[in-house]
Every structure is written in C-alpha cells, then in structure tokens.
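Notes for the structure review
Single-letter residue listing:
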Amino acid sequence: MSKLKQQKNISRRSFLKGATVVGGGILVPSYAPAQASRVGGNLNVSIPALMEIFDPATHNKQEEALVLNNLYETLTWINTDHVLGPMIAESWEPSDDLTAWTFKLREGVTFHNGQAMTADDVVFTIKRILDPETASSGRDDLAMVGEVTAVDTNTVRIDLEFAYADIPAILADAKFSIVPNDPGIMANLVSRPVGTGPFMFDSYTPGGDFVMVRNPKYHGPPAILDSVTLKFIPETAARVISLKNAETDILWQIDYAVFDELNEATGIRVRDISTESWDPLVMDVRKPPFDNPMVRQAVRYAIDKDELIKLALFGHGVKVPFPLSPQNPLFPADLPNVPFDIPKAKQLLTDAGYPDGFETPLYLGIGRPVRVAEGIVIAQMLKAVNIICDVQQVPLDVFFNDIEFKGEFYTTGWRGEPSADGQIYPRFHSKGSWNVAHWSNSEVDELLDQSRRTASIEERRELYTRVGEIVNEDGPYMIAWVANRADAWRSEVLGFEPHPMNFMYFRDVAMRV
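It should be emphasised that the depicted structure is a prediction, and the values quoted were computed from it without experimental measurement.

Quick word on the overall build of the chain
A tally of regular secondary structure across the chain gives 16 helices and 21 strands. For a compact globule of 513 residues, the expected C-alpha radius of gyration is about 24 Å, and the chain comes in at 23 Å, within 12% of that figure. Counting only C-alpha atoms, the chain reaches 70 × 55 × 45 Å along its principal axes. Out of the 513 residues in the chain, the part that is buried amounts to 61%. When contacts within the chain are restricted to residue pairs at least 6 apart in sequence, those whose partners lie at least 24 apart make up 71%.

In structure tokens form, the structure reads like this:
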C-alpha cells in the first residue's frame, strides 16, 4: 500500500463525512487532478490477457477493469496515492450509528447515450449487484446492505443491517460502476458498454484491440487524448519490443524479469509502487491430498518465503503471513509467518499418511508472469519433501475458465481491494465470492462476520490476528507476500502514474508532440 495519509484533530464523524477510511486509515481528495495543456493524441496500451466482459457487475479480469475505469464511473474513487474521494457522488454522510449512508450525486451527469444519470440509476446498479441472478462478486461486499432508496433525483440512501464504516471505500471498486436503468442498453452491456466516463466505447475486436474515444459531453474536465487503444499482446518479450519500438506507449503490469532492462532503456520510464496485491498458492480442500490440513501445513513449511520473493519477484515485495500491507492499520503485526522448516514438513506428511510424498499437477496461467515464476520456484522447493509437481502452464483464458475454482493446486492472485474487509472476507469466508479453494471454517466465518460489525481498528486487528492463526494451521493458501507492481511507459506520455490497485485512469493523460 502507498504511504498512509494522516490528518490530526478531526472528529470521527467529520472524517467519515465526505471523506472515509480505506483499509483502516487513509484520507481523501476529489477527482480533479491537474490537466496537461495539450489536447489530442492517441495512446496505445499493451495488456497480457484477453478481455471478454465489459459489464461492471460481472467482469472478472483486471484487464477488463481498465476499460471500466474510463468508460464508467463509481460513486467514489481511489487515486494513485491510495486516497479515497468523490467521483459521481459529490459528498456522503453516515448516520450517527453508521447504519445508514446518504450520498449526494453530482448534477448534470449523463450517460454516453445522452440519458441523464439520476439516483434511480444508482439504486438500480446496487440492487442488480445484490440480485443473486446477476452472479456478481460484488454481492458479498454489500452483504450488509438492507435497503437502497432514491430520496430524490440526486440523493441516494443506503440502509445497512449493521453498522459498517467502509461503504464509501467498497463502492470505489470498478464492479460498482454506475450503469443505466435502461433495458435496451443493459441487454448488450457485456459487449457494448455505456457509462458516464470521460471515454466512450468505439470498437472491440474479440481477441484483439479495444478502442475508446473521448466523450465530448463529459460532465467534468474532458479527457485530453482523442483515443486509447488496449492491445492484447500475451508474450512479455513482444510487449517489451512493442514499447521500445514505440508501437505501444504503456506496458501495463510489467514482468519483474524485465524491470531492469526497461528501467535502463532510453526514452522509457518505469515506476515501482507498493500495493496489497497477493498471489497465493491455492490448495483445493475438496481434492486429495489437499483435503488433509496436515498436507496443507506441510506445503507451507516446505516453502522458503524469503527465497521465493527473491526469485519470483526479484525482491519487489514484502513477506507477510496475511494478505494486508504491514502499513495497513489492520495488519496483524503479531502474527508470525510460517517458518521454512523441511523436517517439520516431512513429519507432517508422514503423519498425514504420505511418508514418501506424492505427485500432483501444478497449474500456472500464462500471462501472469509473477505467478508463473512463483509456481516454478515452488515446484523446485517442494522436491525437498518429495512432493513432485507436474507443472502445467495454460493460456490465461483456459486458466480462468477451467482451473480457478476447479483445479487442485495452482497459483492465482488478486490486486488490493479498497478496504481490508473487501480484501479478506470474499477469500476466507466459506460463503465468499472468491473462496476459490472451497475452504470452510466456522470459527473464521464468525470472526469475519464479527469484524464487519466492529468499528474499533484495534478490535478488528485482533480478530484478523486470530483468523491468521487459523489460516496458518488449517487454511487453503500458502501466502508469501504482498507484491509491488510496476508499469513502464514512453517519455512522450504525460500525466500517467501507476495505480496501487492495478487500475488506469486516462482522463488526464496526454501525448507530447
């Protein structure tokens, strides 16, 4: 996570009123960065995975979120300093007991088809996400929501079933982008997005380029660029060559194996930032031998996290036992990392009935180079306890369709979320939308439910500490790090900064003549 912004001498109520907490303690500006002076130009951005779904509620790839960041808008947003502020909502205010939130919307906001955006659209958006038939991963994030009502054309009230301080932060995620309450538009939203953002949909070639163009009727300061093209280039080497040859202008989410090469290249800028993204090794608890918690423990003891960070991340990450940044006020600082202990791992395997180890497939998704490198290093480490991995690298679309949620042993990962609850609950609660390992622990469920109802940072940190202790013993993941991330871009690109949540906002980006 980026450095925490702190402000003294403000009350809790004034802090929450139009400015809220992200991940436990960061303060906020408005969505109004300074603009470059020149208008025009075309920007080409390389991405490593196919984009398929442009419906905010149901998208499932980080690459798709890059489209959503610019064609749609959320009530709130998080900037490149990881600070939360207003976007479509110009202000918000909680009730004294934090069980109701009132959002005032900006006036004069229109969708790309000219239709006015009103409170009815916000209510429709949230209710649609809460509808089980939508199958949105955002439904878990809003499990505390009871009623959503349009007070008037520009005011929305969200009533909660229990006190919850993170609603404004949760609503900054791309999955909560506001969509129009229009059946005709919604019928085609997956492939033809219509939002309120500074760019509009122009064209999309399945398996190829996505082109967005400036929205001439945008309600705020207009975009500077004429257009942005997201170009699907899966191979790292090809992405590097395209950037060096000025065929593309930004290389999103670079492989750290080429970090130094790009950092030393003429006419290219590289920036590395800290985040709360994490890339666990997943063990599906439904499938032997990973249905045995002693086997899962043995895997954790057999992995040297320090060496893994050195070899897979080239040192660009922080060792953690729990997927929050040590800078986050909710990080369980007293929770130890599982130590690297080969004798302990071997004994656990013996006790579990596998004294001679076992063989297992290990699936890795091509297009996520950090996770591929992580898996290859892990496979080598596990040989020391005679766990022999059949490493299978599969295309990323195959990975998302056939491996995630289904495979017995694989690396995956997630960018940091706007709040700690959004980071932890969906992936560790038995009913979580991202419980990819199908793990269920009743005590963890109770602790996470209690955390959602707890306002005190100290008490929430204690609850997360206990969750972490259980995860170390019984959990379905091997958690090694929160990773840095980096983008590279040509020096002709002005006003661009990497985002700690892997987002990209192009409104204030320009091209030098």
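Here the narrative resumes, following the displayed structure.
Let's talk about the pairing of strand 7 (residues 155–160)
Here five bridges tie strand 5 (residues 100–105) to strand 7, and the two strands are oriented antiparallel to one another. Across the sheet, Thr102 pairs through a bridge with Arg157, a residue of strand 7. Here six bridges tie strand 6 (residues 145–152) to strand 7, and the two strands are oriented antiparallel to one another. For Thr149, the partnering residue across the bridge sits in strand 7 and is Arg157.

Topic: helix 10 (residues 305–312)
Among all positions of helix 10, only Lys305, Leu308, Ile309 and Ala312 are buried. For helix 10, the arc enclosing every buried residue in end-on projection is 100 degrees, short of the 170-degree limit, so these residues lie on one face. Of the surrounding elements, those touching the buried residues of helix 10 are strand 14 (317–319), helix 12 (369–382), strand 18 (477–478) and strand 19 (481–490). The backbone nitrogen of Asp306 lies 3.2 Å from a side-chain oxygen of the residue at the head of helix 10, namely Asp304. After helix 10 finishes, the residue Phe314 shows a positive phi value of roughly 55 degrees.

A few points about the pattern of salt bridges
The full count for this structure, using the stated rule, is 24 salt bridges. Put simply, Glu261 and Lys244 hold a salt bridge, and the shortest N to O gap is 2.6 Å. In this pair, Glu261 sits in helix 8 (residues 259–263) while Lys244 sits in helix 7 (residues 236–244), placing the two residues 17 residues apart along the sequence. Look at Lys244 and you get partly exposed, because its relative accessible area is 36%. One salt bridge in this structure joins Glu492 and Arg490, with 3.3 Å as the shortest N-O distance. Accessibility expressed as a relative area gives 28% for Glu492, which makes it partly exposed. Each of Asp141, Asp173, Lys175, Arg415, Glu417 and Arg427 takes part in a single network of salt bridges with overlapping partners.

Considerations on the packing of helix 10 against helix 12
Viewed as axis vectors pointing N to C, helix 10 and helix 12 meet at an angle of 135 degrees, and their least axial separation amounts to 9 Å. Our classification of the angle between helix 10 and helix 12 gives oblique. Note that helix 10 runs across helix 12; the crossing there is right-handed. Mapping the contact onto sequence places Glu307, Leu308, Leu311 and Ala312 in helix 10 and Val370, Ala373, Glu374, Val377, Ile378 and Met381 in helix 12. Residue composition of the contact of helix 10 with helix 12, grouped by class: eight nonpolar, no polar and two charged.

As for the pairing of strand 15 (residues 358–366)
A large share of strand 15 lies buried, amounting to seven of its nine residues. For the crossover from strand 15 across helix 12 to strand 16 (residues 387–395), the handedness is right-handed.

Let's talk about the sheet that holds strand 5
Taking strand neighbours across the sheet as the criterion, the four strands line up as 4-5-7-6 in an open arrangement whose pairing is antiparallel. The open sheet has two free edges, formed respectively by strand 4 (89–94) and strand 6, since each of these has just one partner strand. In this sheet, adjacent strand axes meet at a mean angle of 20 degrees when their direction is disregarded. The strands touched by helix 3 (residues 119–130) within the sheet are strand 5, strand 6 and strand 7, with strand 6 carrying the most contacts at an inclination of about 165 degrees.

Remarks on helix 3
If you check helix 3, its first and last C-alpha atoms are 17 Å apart, about what twelve residues at 1.5 Å a residue would give, namely 16 Å. Listed as buried for helix 3 are Ala119, Asp121, Val122, Val123, Thr125, Ile126, Arg128 and Ile129. Looking at the packing, one finds that the buried side of helix 3 touches strand 5, helix 4 (138–141), strand 6, strand 7 and helix 6 (183–186).

With respect to the packing of aromatic side chains
Aromatic rings in a pair are described by how distant their centres are and how their planes are angled relative to each other. A full pass over the atoms with the stated rule returns 24 aromatic pairs. On the basis of an interplanar angle of 65 degrees and a centroid distance of 6.3 Å, the ring pair of Trp414 and Trp434 is categorised as edge-to-face. On the criterion of sequence distance, the pair formed by Trp414 in the loop between strand 17 (409–411) and helix 14 (420–428) and Trp434 in the loop between helix 14 and helix 15 (442–452) is long-range, its members being 20 residues apart. Residue class for Trp414 comes out buried when judged on its relative accessible area of 7%. For Trp434, a relative accessible area of 15% gives the class buried. Feature note: the residues Trp278, Phe322, Phe405, Trp414, Phe428, Trp434, Tyr464 and Tyr477 constitute an aromatic cluster, connected by ring pairs. The ring of Tyr425 carries Arg452 above its face, with NZ or CZ at 3.6 Å from the centroid. One Lys or Arg, Arg453, reaches over the ring of Phe162 and ends 4.1 Å from the middle of that ring.

Some details on the nonpolar core
By size, the foremost hydrophobic cluster in this structure holds 76 residues, and its most contacted members are Leu43, Ile167, Phe210, Leu230 and Phe506. For Leu43, the residues in contact, after removing those within four places along its chain, are Leu225, Ser227, Val228, Thr229, Asp249, Ile250, Val493, Phe506, Val509 and Met511.

Topic: the environment of Pro168
For Pro168, the location among the structural elements is in helix 5 (residues 167–170). In sequence terms Pro168 and Asp209 are 41 residues apart; their C-alpha atoms lie 33 Å from each other.

Quick word on the side chain of Arg507
Counting through the fold element by element, Arg507 comes out in the loop between strand 20 (493–494) and strand 21 (510–511). On the basis of relative accessibility, which here comes to 2%, the residue Arg507 falls in the buried class. Of note is the side chain of Arg507, whose polar atom sits 3.1 Å from the side chain of Asp508.

What counts and what doesn't
- Residues numbered from 1 in each chain as written.
- Predicted model: local features only at pLDDT ≥ 70, side-chain atom pairs only at ≥ 80, totals over all residues.
- Heavy atoms only, no water.
- Helix = DSSP H or I, 4+ residues; strand = E, 2+ residues; numbered from the N terminus.
- Rg over C-alpha atoms; globule rule 2.2 N^0.38 Å.
- Buried < 20%, exposed > 50% of the residue type's maximum accessible area, 1.4 Å probe, protein only.
- Contact = heavy atoms within 4.5 Å.
- Pairing = 2+ DSSP bridges.
- Arc of directions from axis to C-beta.
- Polar contact = N/O pair within 3.5 Å; in protein donor to acceptor, adjacent residues only side chain to side chain.
- Salt bridge = Lys/Arg side-chain N within 4 Å of Asp/Glu carboxyl O.
- Axes fitted to C-alpha atoms, helices over the stretch in contact; angles between N-to-C directions.
- Parallel < 35°, antiparallel > 145°, perpendicular 65-115°, else oblique.
- Left-handed = near helix turned anticlockwise from the far one by under 90°.
- Nonpolar A, V, L, I, M, F, W, Y, C, P; charged D, E, K, R; others polar.
- Right-handed = clockwise from strand over helix to strand, strands pointing away.
- Expected span 1.5 Å × (residues − 1).
- Phe/Tyr/Trp six-rings, centres within 6.5 Å; stacked < 30°, edge-to-face > 60°.
- Lys NZ or Arg CZ within 6 Å of the ring centre and 35° of its normal.
- Core = buried A, V, L, I, M, F, W, Y, C linked by side-chain atoms within 4.5 Å.

Structural measurements only, silent on function.
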